[in-house]
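Chain residues, written in single-letter form:
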Amino acid sequence: GNSVTQMQGQVTLSEEEFLFINCTYSTTGYPTLFWYVQYPGEGPQLLLKVTTANNKGSSRGFEATYDKGTTSFHLQKASVQESDSAVYYCVLGGANSGTYQRFGTGTKLQVVP
Amino acid sequence: DTTVKQNPRYKLARVGKPVNLICSQTMNHDTMYWYQKKPNQAPKLLLFYYDKILNREADTFEKFQSSRPNNSFCSLYIGSAGLEYSAMYLCASSRLGGRYAEQFFGPGTRLTVL
(Lines give C-alpha, C1' and ligand atoms only; values in the text may rest on other atoms or scores of the structure.)
Protein backbone atom coordinates (compact mmCIF):
# COMPACT_ATOMS: atom_id res chain seq x y z
CA GLY A 1 0.00 0.00 0.00
CA ASN A 2 0.92 3.66 0.01
CA SER A 3 3.05 4.94 2.85
CA VAL A 4 5.21 7.92 3.80
CA THR A 5 8.08 7.88 6.28
CA GLN A 6 9.53 10.86 8.08
CA MET A 7 12.11 9.60 10.56
CA GLN A 8 12.93 12.94 12.15
CA GLY A 9 10.36 13.88 14.74
CA GLN A 10 12.09 17.12 15.69
CA VAL A 11 14.92 19.21 14.31
CA THR A 12 16.52 22.15 16.12
CA LEU A 13 18.71 24.60 14.21
CA SER A 14 20.22 28.02 14.71
CA GLU A 15 19.31 30.83 12.31
CA GLU A 16 21.11 30.70 8.94
CA GLU A 17 21.86 26.99 9.26
CA PHE A 18 21.07 24.50 6.48
CA LEU A 19 17.86 22.51 6.76
CA PHE A 20 17.40 18.95 5.55
CA ILE A 21 14.24 16.98 6.34
CA ASN A 22 14.14 13.38 5.21
CA CYS A 23 11.10 11.85 3.50
CA THR A 24 10.76 8.51 1.78
CA TYR A 25 7.66 6.97 0.27
CA SER A 26 6.32 3.66 -0.92
CA THR A 27 3.83 3.29 -3.74
CA THR A 28 3.56 2.12 -7.32
CA GLY A 29 3.77 4.30 -10.36
CA TYR A 30 4.43 8.05 -10.39
CA PRO A 31 2.69 9.75 -7.48
CA THR A 32 2.26 13.44 -6.79
CA LEU A 33 4.32 14.57 -3.80
CA PHE A 34 3.69 17.51 -1.50
CA TRP A 35 5.21 19.31 1.44
CA TYR A 36 2.75 21.04 3.75
CA VAL A 37 3.76 23.38 6.57
CA GLN A 38 1.78 24.00 9.76
CA TYR A 39 2.49 27.08 11.85
CA PRO A 40 1.35 27.22 15.50
CA GLY A 41 -2.39 27.76 15.84
CA GLU A 42 -3.05 27.22 12.13
CA GLY A 43 -3.93 24.33 9.86
CA PRO A 44 -1.43 22.86 7.41
CA GLN A 45 -0.88 24.81 4.19
CA LEU A 46 0.74 23.80 0.96
CA LEU A 47 4.44 24.64 0.73
CA LEU A 48 5.29 22.94 -2.54
CA LYS A 49 4.13 20.21 -4.89
CA VAL A 50 5.84 18.11 -7.55
CA THR A 51 4.09 15.87 -10.03
CA THR A 52 6.86 14.40 -12.20
CA ALA A 53 9.74 12.18 -11.17
CA ASN A 54 13.17 13.85 -11.03
CA ASN A 55 11.61 17.28 -10.98
CA LYS A 56 12.24 19.86 -8.34
CA GLY A 57 9.73 22.02 -6.57
CA SER A 58 10.59 25.23 -4.79
CA SER A 59 8.81 27.85 -2.74
CA ARG A 60 9.82 30.54 -0.23
CA GLY A 61 13.45 29.35 -0.35
CA PHE A 62 12.57 25.70 0.23
CA GLU A 63 13.38 23.02 -2.34
CA ALA A 64 12.48 19.36 -2.75
CA THR A 65 13.48 16.97 -5.50
CA TYR A 66 11.33 14.03 -6.45
CA ASP A 67 13.66 11.04 -6.89
CA LYS A 68 11.88 7.91 -8.07
CA GLY A 69 15.11 5.90 -7.95
CA THR A 70 15.51 6.33 -4.21
CA THR A 71 11.77 6.97 -3.59
CA SER A 72 12.68 10.11 -1.69
CA PHE A 73 11.36 13.68 -1.53
CA HIS A 74 13.64 15.41 0.94
CA LEU A 75 13.05 19.05 1.89
CA GLN A 76 15.95 21.51 2.00
CA LYS A 77 16.56 25.14 2.73
CA ALA A 78 19.94 26.83 2.57
CA SER A 79 19.46 29.25 5.45
CA VAL A 80 16.61 29.00 7.94
CA GLN A 81 15.02 31.85 9.87
CA GLU A 82 13.20 31.84 13.17
CA SER A 83 9.95 32.35 11.24
CA ASP A 84 10.44 28.93 9.61
CA SER A 85 9.70 27.25 12.94
CA ALA A 86 6.75 24.97 12.19
CA VAL A 87 5.75 21.37 11.56
CA TYR A 88 6.54 20.07 8.06
CA TYR A 89 4.51 17.22 6.58
CA CYS A 90 5.56 15.12 3.61
CA VAL A 91 2.44 13.98 1.74
CA LEU A 92 1.96 11.31 -0.89
CA GLY A 93 -0.73 11.59 -3.49
CA GLY A 94 -1.21 8.05 -4.78
CA ALA A 95 -0.37 7.28 -8.38
CA ASN A 96 -3.65 5.56 -9.08
CA SER A 97 -7.00 7.18 -9.61
CA GLY A 98 -9.33 6.91 -6.68
CA THR A 99 -6.54 7.23 -4.11
CA TYR A 100 -6.19 10.16 -1.77
CA GLN A 101 -3.37 11.91 -0.03
CA ARG A 102 -1.45 10.20 2.78
CA PHE A 103 0.44 12.28 5.34
CA GLY A 104 3.71 11.52 7.05
CA THR A 105 3.99 11.95 10.82
CA GLY A 106 5.55 15.39 10.46
CA THR A 107 8.87 16.96 11.46
CA LYS A 108 8.83 19.79 13.97
CA LEU A 109 11.43 22.41 13.13
CA GLN A 110 12.57 24.78 15.84
CA VAL A 111 14.88 27.60 14.79
CA VAL A 112 16.60 29.44 17.61
CA PRO A 113 18.06 32.94 17.20
CA ASP B 1 -10.68 34.40 0.61
CA THR B 2 -8.98 31.03 1.11
CA THR B 3 -10.20 30.53 4.67
CA VAL B 4 -11.63 27.34 6.06
CA LYS B 5 -13.41 27.92 9.36
CA GLN B 6 -14.00 25.40 12.12
CA ASN B 7 -16.26 25.63 15.13
CA PRO B 8 -15.73 25.29 17.96
CA ARG B 9 -11.96 25.57 18.32
CA TYR B 10 -12.07 23.61 21.58
CA LYS B 11 -14.64 21.06 22.65
CA LEU B 12 -14.97 19.21 25.92
CA ALA B 13 -17.21 16.15 25.87
CA ARG B 14 -18.25 13.45 28.31
CA VAL B 15 -17.82 9.78 27.56
CA GLY B 16 -20.93 8.42 25.92
CA LYS B 17 -22.24 11.80 24.80
CA PRO B 18 -22.57 12.96 21.18
CA VAL B 19 -20.22 15.45 19.56
CA ASN B 20 -20.87 17.60 16.49
CA LEU B 21 -18.10 19.59 14.81
CA ILE B 22 -18.70 22.16 12.08
CA CYS B 23 -16.59 23.26 9.12
CA SER B 24 -17.27 25.91 6.48
CA GLN B 25 -15.55 27.26 3.38
CA THR B 26 -16.47 29.96 0.88
CA MET B 27 -14.19 28.92 -1.98
CA ASN B 28 -16.90 26.86 -3.69
CA HIS B 29 -14.73 23.77 -3.38
CA ASP B 30 -16.43 20.55 -4.34
CA THR B 31 -14.52 18.31 -1.94
CA MET B 32 -14.38 18.57 1.85
CA TYR B 33 -12.39 16.31 4.16
CA TRP B 34 -12.13 15.45 7.84
CA TYR B 35 -8.87 14.30 9.40
CA GLN B 36 -8.06 13.12 12.91
CA LYS B 37 -4.67 14.11 14.33
CA LYS B 38 -3.22 12.56 17.50
CA PRO B 39 0.17 13.42 19.02
CA ASN B 40 3.13 11.81 17.22
CA GLN B 41 0.85 10.39 14.57
CA ALA B 42 0.14 11.42 11.00
CA PRO B 43 -3.14 13.17 10.23
CA LYS B 44 -5.56 10.36 9.39
CA LEU B 45 -8.24 10.81 6.76
CA LEU B 46 -11.61 9.86 8.26
CA LEU B 47 -13.98 10.71 5.43
CA PHE B 48 -14.59 13.12 2.61
CA TYR B 49 -17.40 14.49 0.51
CA TYR B 50 -17.05 14.88 -3.21
CA ASP B 51 -20.02 17.10 -3.95
CA LYS B 52 -22.88 15.25 -2.20
CA ILE B 53 -21.21 11.84 -2.16
CA LEU B 54 -19.79 10.72 1.16
CA ASN B 55 -16.78 8.42 1.25
CA ARG B 56 -15.69 6.96 4.57
CA GLU B 57 -12.49 5.10 5.29
CA ALA B 58 -13.07 1.41 6.02
CA ASP B 59 -11.55 1.40 9.50
CA THR B 60 -13.55 4.39 10.73
CA PHE B 61 -16.77 3.63 8.90
CA GLU B 62 -18.93 3.04 11.95
CA LYS B 63 -17.30 5.57 14.27
CA PHE B 64 -17.95 8.81 12.42
CA GLN B 65 -20.85 10.25 10.49
CA SER B 66 -21.04 13.39 8.45
CA SER B 67 -23.44 15.61 6.60
CA ARG B 68 -23.06 18.29 3.98
CA PRO B 69 -26.29 20.30 3.75
CA ASN B 70 -24.82 22.63 1.14
CA ASN B 71 -21.57 23.23 -0.71
CA SER B 72 -20.12 25.43 2.04
CA PHE B 73 -20.76 23.42 5.20
CA CYS B 74 -19.73 20.01 6.43
CA SER B 75 -20.16 18.45 9.87
CA LEU B 76 -18.49 15.58 11.68
CA TYR B 77 -20.68 13.67 14.11
CA ILE B 78 -19.70 11.24 16.84
CA GLY B 79 -22.72 9.45 18.26
CA SER B 80 -21.13 8.31 21.52
CA ALA B 81 -17.74 9.72 22.38
CA GLY B 82 -15.09 7.50 23.90
CA LEU B 83 -11.74 8.44 25.41
CA GLU B 84 -10.02 7.34 22.18
CA TYR B 85 -11.74 10.16 20.30
CA SER B 86 -9.68 12.80 22.07
CA ALA B 87 -7.67 14.40 19.25
CA MET B 88 -7.36 17.40 16.96
CA TYR B 89 -9.89 17.29 14.12
CA LEU B 90 -8.86 19.05 10.93
CA CYS B 91 -11.24 20.01 8.17
CA ALA B 92 -9.96 20.69 4.66
CA SER B 93 -11.38 21.48 1.26
CA SER B 94 -10.13 21.31 -2.31
CA ARG B 95 -11.23 22.10 -5.82
CA LEU B 96 -11.57 18.66 -7.26
CA GLY B 97 -10.64 15.76 -5.06
CA GLY B 98 -7.99 13.16 -5.29
CA ARG B 99 -4.30 12.85 -5.30
CA TYR B 100 -3.34 16.02 -7.20
CA ALA B 101 -5.38 18.63 -5.39
CA GLU B 102 -4.06 21.25 -3.02
CA GLN B 103 -5.99 21.05 0.22
CA PHE B 104 -6.89 24.12 2.27
CA PHE B 105 -7.10 23.41 5.98
CA GLY B 106 -8.93 25.00 8.87
CA PRO B 107 -7.20 25.62 12.21
CA GLY B 108 -8.71 22.51 13.75
CA THR B 109 -10.99 21.64 16.66
CA ARG B 110 -9.33 20.15 19.71
CA LEU B 111 -11.68 17.57 21.22
CA THR B 112 -11.10 16.34 24.76
CA VAL B 113 -13.27 13.49 26.00
CA LEU B 114 -13.49 12.97 29.76
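Just above, that's the structure.
Presented here is an overview of the structure given in this document. Given the structure is predicted, the values throughout are model-derived calculations rather than measurements.

Examining the overall build of chain A
Helix and strand content of chain A: zero helices and 12 strands. Ordered by position from N to C terminus, the α and β elements of chain A give β-β-β-β-β-β-β-β-β-β-β-β. In terms of overall dimensions, chain A is globule-like: its C-alpha atoms have a radius of gyration of 14 Å, near the 13 Å expected for 113 residues. With respect to the principal axes defined by its C-alpha atoms, chain A has extents near 45 × 25 × 20 Å. Per-residue burial for chain A yields a buried fraction of 46% across its 113 residues. For chain A, the share of sequence-separated contacts (at least 6 apart) that also reach a separation of at least 24 residues comes to 55%. Accessible surface, chain A as shown: approximately 5,100 Å² in total, 44% of it carbon and sulfur. In chain A, the 7 positive side-chain charges and the 8 negative ones have mean positions that sit 14 Å from each other.

Notes on the pairing of strand β5 (residues 32-38) of chain A
Residues and elements named next belong to chain A. β5 sits mainly inside the fold: seven of its seven residues count as buried. The alternating pattern of β5 places T32, F34, Y36 and Q38 and L33, W35 and V37 on opposite faces, both of which are buried. Where β5 lies against strand β10 (residues 86-93), seven bridges are found, and the strand directions are antiparallel. Of the residues in β10, the one forming a bridge with Q38 is V87. Taken together, β5 and the strand that follows it, strand β6 (residues 45-50), pair antiparallel across an intervening segment of six residues, in which G41 is found at a positive phi of about 80 degrees.

A few points about the environment of A86 of chain A
Residue and element names in this part refer to chain A. Mapped onto the elements, A86 comes out in strand β10. For the pair formed by A86 and G57, sequence separation is 29 residues and the distance between their alpha carbons is 19 Å. In this view, A86 contacts V37, Q38, Y39, T107, K108 and L109; residues no more than four positions away in its chain are not counted.

Comments concerning unusual backbone geometry
All names here are of chain B. The amide bond that connects N7 to the next residue, P8, takes the cis arrangement and shows omega of -10 degrees. Examined against the element boundaries, P8 turns out to sit in the loop between β1 (4-7) and β2 (10-13). The backbone of N28 shows a phi angle near 60 degrees, a positive value even though the residue is not glycine. Here N28 shows up in the loop between β3 (19-25) and β4 (31-37). A residue is classified by how much of its surface remains accessible, and N28, at 58% relative accessible area, is exposed. Phi is positive for D51, close to 60 degrees, though the residue is something other than glycine. Owing to a relative accessible area of 42%, D51 belongs among the partly exposed residues under this scheme.

Considerations on the layout of surface pockets
Put simply, the largest pocket is a space of about 660 Å³. Contributing to the lining of the largest pocket are 26 residues, with Q38, V87 and Y89 of chain A together with K37 and R110 of chain B lying nearest its centre. Of all the elements in the fold, those that place two or more residues in the lining of the largest pocket are β10 and β12 (107-112) of chain A together with β9 (87-94) of chain B. For the lining of the largest pocket, the leading source of residues is β12 of chain A, giving four residues. Taken together, the residues of the lining of the largest pocket break down into 11 nonpolar, nine polar and six charged.

Points about the interface of chain A and chain B
Taken together, the contact pairs 22 residues of chain A with 21 residues of chain B. Taking both sides of the interface into account, the surface hidden between chain A and chain B amounts to around 1,700 Å²; carbon and sulfur atoms contribute 57%. Interface area lost by chain A to chain B is led by Y100, Q101 and F103 of chain A, which between them contribute 36%. Counting across the chain A and chain B interface gives zero salt bridges. Here chain A is connected to chain B by four residue pairs in polar contact (both at pLDDT 80 or more). Within the residue set of the side of chain A that touches chain B, elements represented by two or more residues are β5, β6, β10 and β11 (101-103) of chain A. In terms of residue class, the side of chain A that touches chain B is made up of eight nonpolar, 12 polar and two charged.

Each value, and the rule that gives it
Residues numbered from 1 in each chain as written. Chains lettered and ligands numbered in written order. Predicted model: local features only at pLDDT ≥ 70, side-chain atom pairs only at ≥ 80, totals over all residues. Heavy atoms only, no water. Helix = DSSP H or I, 4+ residues; strand = E, 2+ residues; numbered from the N terminus. Rg over C-alpha atoms; globule rule 2.2 N^0.38 Å. Buried < 20%, exposed > 50% of the residue type's maximum accessible area, 1.4 Å probe, protein only. Contact = heavy atoms within 4.5 Å. Areas by Shrake-Rupley, 256 points an atom, 1.4 Å probe, with all protein chains shown as cover. Lys, Arg positive; Asp, Glu negative; His and termini not counted. Charge placed at Lys NZ, Arg CZ, Asp CG, Glu CD. Pairing = 2+ DSSP bridges. 1 Å grid on protein atoms, 1.4 Å probe; cavity = no way out; pocket = protein on both sides within 12 Å on 5 of 7 lines; lining within 4 Å. Points joined across faces, edges and corners; volume = space filled by probe spheres on them. Nonpolar A, V, L, I, M, F, W, Y, C, P; charged D, E, K, R; others polar. Buried area = accessible area lost by both parts, 1.4 Å probe. Salt bridge = Lys/Arg side-chain N within 4 Å of Asp/Glu carboxyl O. Polar contact = N/O pair within 3.5 Å; in protein donor to acceptor, adjacent residues only side chain to side chain.

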